[in-house]
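So the chains spell out like this:
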Amino acid sequence: MNVELQRSLLNHAAKYSHRSRFNIDKIAFNKQLSFIKHPNKLKALFCTRRAAKSYTGGLYLVQEALNVDSCNCLYIGLTRLSAKGIIWKDVLKDIDKRYKLGIKFNGSELTATTGNGSVIYVTGADAGDDEMEKLLGKKYRLVIIDEAASFTIDLRRLIYGILKPATVDQGGSICLLGTSGNLTTGLFFDITTGAETGWELFKWSAFDNPHIAKQWKEELEDIALNRPRFMETPLFKQWYLNEWVIDDDKLVYRFSYGRNEYDHLPSYPGQAASKWQYVLGVDLGYHPDPSAFVVVAFHEYDTTLYVIDCFKQVEMDITDVANKIKWFKAEYGIDRVVIDGANKQAVMEMQKRHDVPLTPADKTGKVDFIQIMNAEFIQGKILLSKKCQDLKDEYLSLIWNDKKIKKEEHPNCDNHLCDSALYSWRYCYQFLSKMPKESPNLKDKKQYIAHTQKLLEESLERQIRNQEDQERGEDIFHTSAMDNEGDVMNYYINKRRA
Ligand SMILES: Nc1ncnc2c1ncn2[C@@H]1O[C@H](COP(=O)(O)OP(=O)(O)OP(=O)(O)O)[C@@H](O)[C@H]1O
Ligand SMILES: [Mg+2]
């Protein structure tokens with residue numbers, strides 16, 4: 001054998017000997033194998049904690065890197081740091097060491113390069129624009145997205161808009177891995193609940209992971225014996241049973257079925273029938289955010305706020321929105337339309353061309369107002385009709401973003417109807433409502449004082465509202481009008497708190 005041939009055979013052996021050492025059929029357990037070997041290009045792995053989601057992702061990445069020369073594979077975690085924490089030492093390096101694969105690890109670039117020239121890139125969704133641009137510009141044989149239930153970026157856009165085209169050249173696959181959580185909306189939730197088609201869904205539990213099954217059993221027995229109440233918590237149901245249940249503490253609004261629902265508006269006889277006030281809240285959007293409308297009503301004699309109707313739709317232009325507002329006015333006799341004024345052009349056009357008088361929504365102190373609104377939900381002072389199912393769905397899925405220290409709504413949850421309801425609720429005064437009493441005896445000192453106080457209060461109320469309307473009539477977006485609104489709102493906050 002000549003030297004050239006000998007050298008070439010040795011090179012070949014160095015490049016490909018790992019293939020004989022890395023036999024996926026022997027390394028992976030059955031459920032892992034069925035996931036890795038399934039030919040679908042879009043796959044999701046939905047399992048309890050410790051079921052081997054990340055390790056399965058690691059095995060899959062290594063197997064593709066070794067089997068396809070010079071290919072690119074990508075692992076995406078929530079953050080670059082968490083991605084490294086999960087996959088680097090405990091998975092990729094572990095696999096490399098166990099099967100002597102000779103993978104070259106670059107800890108600062110977070111790349112793992114195999115002997116046949118393939119590279120596994122590790123990154124997080126928080127990676128800077130430059131890094132993301134570099135990574136997303138490549139062609140991929142396999143993309144693994146771990147912790148898929150916790151992403152705050154739009155996974156639909158990332159997968160269908162960016163990654164899918166990047167896998168076409170190499171006939172690559174995209175996989176989502178995760179356990180259930182509080183975010184009951186978005187792509188991963190839809191895939192795991194069967195609402196999204198085109199994905200092959202795999203489910204198993206830690207009992208199916210032979211490397212952990214014994215410890216898992218002991219852990220569950222320990223919980224049942226020593227911490228049985230933990231089994232009733234949403235966290236237990238999410239992590240140990242992989243059920244989609246929301247931790248109520250994470251919900252932004254305290255709407256509850258039953259407590260916050262009504263069948264019929266109360267009827268008030270005689271003149272009192274005309275004492276209803278109707279407010280329409282409007283949140284403007286186009287695409288992908290919808291425009292959203294919520295009608296609320298309150299009565300001078302009733303301290304409850306009734307949410308009567310709601311509607312949301314994408315791609316409504318200014319005329320569509322103006323027409324919808326007119327429809328609501330005709331249907332319910334709306335007294336006031338409160339609109340998100342961020343899109344001033346649209347609002348001014350509706351005012352001028354479509355003759356729809358509008359009040360700009362006050363958006364300051366949103367979190368504080370949500371808390372006040374929640375106190376009213378808890379007391380059953382806000383009730384929703386049967387027509388408000390879309391709003392109820394938003395209330396029961398909108399969660400706080402626990403990745404932020406400051407209270408912020410989760411960016412992946414729909415909140416447009418919630419916002420419209422909040423805008424309108426801020427302009428309702430049902431908390432001041434009272435059942436009329438019999439005429440006071442003004443010769444009685446106590447009754448006289450109470451009556452005079454009430455008259456003063458009502459007069460102040462009227463003055464404030466008149467002043468507010470007047471100022472708004474001149475220029476609804478004038479800053480001083482907004483300042484004045486701030487004062488008015490402060491007055492009402494104090495009132496509500498009292
Ligand atoms: N094929 C395998 N060979 C060896 N060990 C394995 C294999 N599959 C899984 N394991 C082990 O099972 C354990 C759990 O795996 P892993 O960390 O991937 O679970 P997970 O579902 O991602 O957990 P978490 O929910 O905490 O993210 C780990 O210790 C891992 O090393
Ligand atoms: Mg994991």
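Everything below is about the structure printed above this text.
Reference entry: report on the structure contained in this document. What you are looking at is a predicted structure, and each value in this text was computed from that prediction instead of being measured.

1. Remarks on the site of ligand 1
Then comes step 1: Taken together, 15 residues form the shell around ligand 1, and within it Arg49, Arg50, Lys53, Ser54 and Tyr55 come nearest.
Then comes step 2: Tyr55 places a polar main-chain atom, nitrogen or oxygen, 2.7 Å from an oxygen atom of ligand 1.
Then comes step 3: Considering every element that reaches the shell around ligand 1, the biggest residue donor is helix H4 (residues 53–67), with four residues.
Then comes step 4: Partitioned by chemical class, the residues of the shell around ligand 1 number seven nonpolar, four polar and four charged.

2. Some points on the sheet that holds strand S5 (residues 119–124)
Then comes step 1: Ordered in space as S3-S4-S5-S2-S6-S7-S1-S8, the eight strands form an open sheet in which the pairing is mixed. Strands with a single pairing partner mark the edges of an open sheet, and in this sheet they are strand S3 (104–106) and strand S8 (200–204). Across the sheet, the mean angle separating the axes of adjacent strands is 15° when strand polarity is ignored.
Then comes step 2: Alignment of strand S4 (residues 111–113) against S5, held across three bridges, turns out to be antiparallel.

3. Looking at the side chain of Asn415
Then comes step 1: With respect to the helices, strands and loops of the structure, Asn415 is situated in the loop between helix H14 (389–395) and helix H15 (416–425).
Then comes step 2: Once residues within four sequence positions are removed from consideration, Asn415 is found in contact with Lys366, Glu394, Leu398 and Glu409.

4. Here we look at the pairing of strand S11 (residues 302–313)
Then comes step 1: Relative to S11, strand S10 (residues 291–299) runs antiparallel, the two being bridged by eight bridges. Bridging from a neighbouring strand, Val294 pairs with Cys310 of S11.
Then comes step 2: Where S10 folds back on S11, the antiparallel hairpin that results is connected by two residues.
Then comes step 3: With three bridges connecting them, S11 and strand S14 (residues 382–384) associate as parallel partners. Bridging across to S14, Tyr306 finds its partner in Leu383.

5. A look at the packing of helix H3 (residues 30–37) against H4
Then comes step 1: It is at 10 Å that the axes of H3 and H4 come closest, and there the two elements cross at 50°. With respect to their mutual orientation, H3 and H4 come out oblique. Crossing of H3 over H4 shows right-handed handedness. Contact residues: Gln32, Phe35 and Ile36 in H3; Tyr55, Thr56, Leu59, Tyr60 and Gln63 in H4.
Then comes step 2: Looking at the contact of H3 with H4 residue by residue, the class counts come to five nonpolar, three polar and no charged.

6. Remarks on the pattern of salt bridges
Once their charged atoms are close, side chains differing in charge can pair, the charge on each being opposite to the other.
Then comes step 1: Applying the stated criterion to the full structure yields 21 salt bridges.
Then comes step 2: The partner of Arg353 in a salt bridge is Glu349, with the nearest N and O atoms 3.5 Å apart. Of this pair, Arg353 and Glu349 are both found in helix H12 (residues 344–353), four residues apart, which corresponds to roughly one turn of the helix.
Then comes step 3: A single network of salt bridges, built from pairs that share partners, joins Arg156, Asp190 and Glu196.

7. Describing H12
Then comes step 1: Burial in H12 covers these residues: Ala346, Val347 and Met350. Down the axis of H12, the buried side of the element spans an arc of 100°, and every buried residue falls inside it. Exposed residues lying more than 90 degrees from the buried face of H12 are Gln345, Lys352 and Arg353.
Then comes step 2: For H12, the secondary structure elements touched by its buried residues are helix H11 (318–332) and strand S12 (336–339).
Then comes step 3: In the segment just after H12, Asp355 is the residue with positive phi, at about 50°.

8. Let's talk about the nonpolar core
Then comes step 1: Residues Phe22 and Phe35 are the most contacted members of the largest nonpolar core, which totals 40 residues.
Then comes step 2: Here Phe35 is in contact with Lys43, Ala44, Leu45, Thr56, Tyr60, Cys175, Leu177, Phe202 and Trp204, once residues within four sequence places are set aside.
Then comes step 3: Counting 39 residues, the second-largest nonpolar core is a separate cluster that includes Val296, Phe298, Cys418 and Tyr427.

The rules behind the values
Residues numbered from 1 in each chain as written. Chains lettered and ligands numbered in written order. Predicted model: local features only at pLDDT ≥ 70, side-chain atom pairs only at ≥ 80, totals over all residues. Heavy atoms only, no water. Near = heavy atom within 4 Å. Polar contact = N/O pair within 3.5 Å; in protein donor to acceptor, adjacent residues only side chain to side chain. Helix = DSSP H or I, 4+ residues; strand = E, 2+ residues; numbered from the N terminus. Nonpolar A, V, L, I, M, F, W, Y, C, P; charged D, E, K, R; others polar. Pairing = 2+ DSSP bridges. Axes fitted to C-alpha atoms, helices over the stretch in contact; angles between N-to-C directions. Contact = heavy atoms within 4.5 Å. Parallel < 35°, antiparallel > 145°, perpendicular 65-115°, else oblique. Left-handed = near helix turned anticlockwise from the far one by under 90°. Salt bridge = Lys/Arg side-chain N within 4 Å of Asp/Glu carboxyl O. Buried < 20%, exposed > 50% of the residue type's maximum accessible area, 1.4 Å probe, protein only. Arc of directions from axis to C-beta. Core = buried A, V, L, I, M, F, W, Y, C linked by side-chain atoms within 4.5 Å.

Shape is all these values report; function is a separate question.
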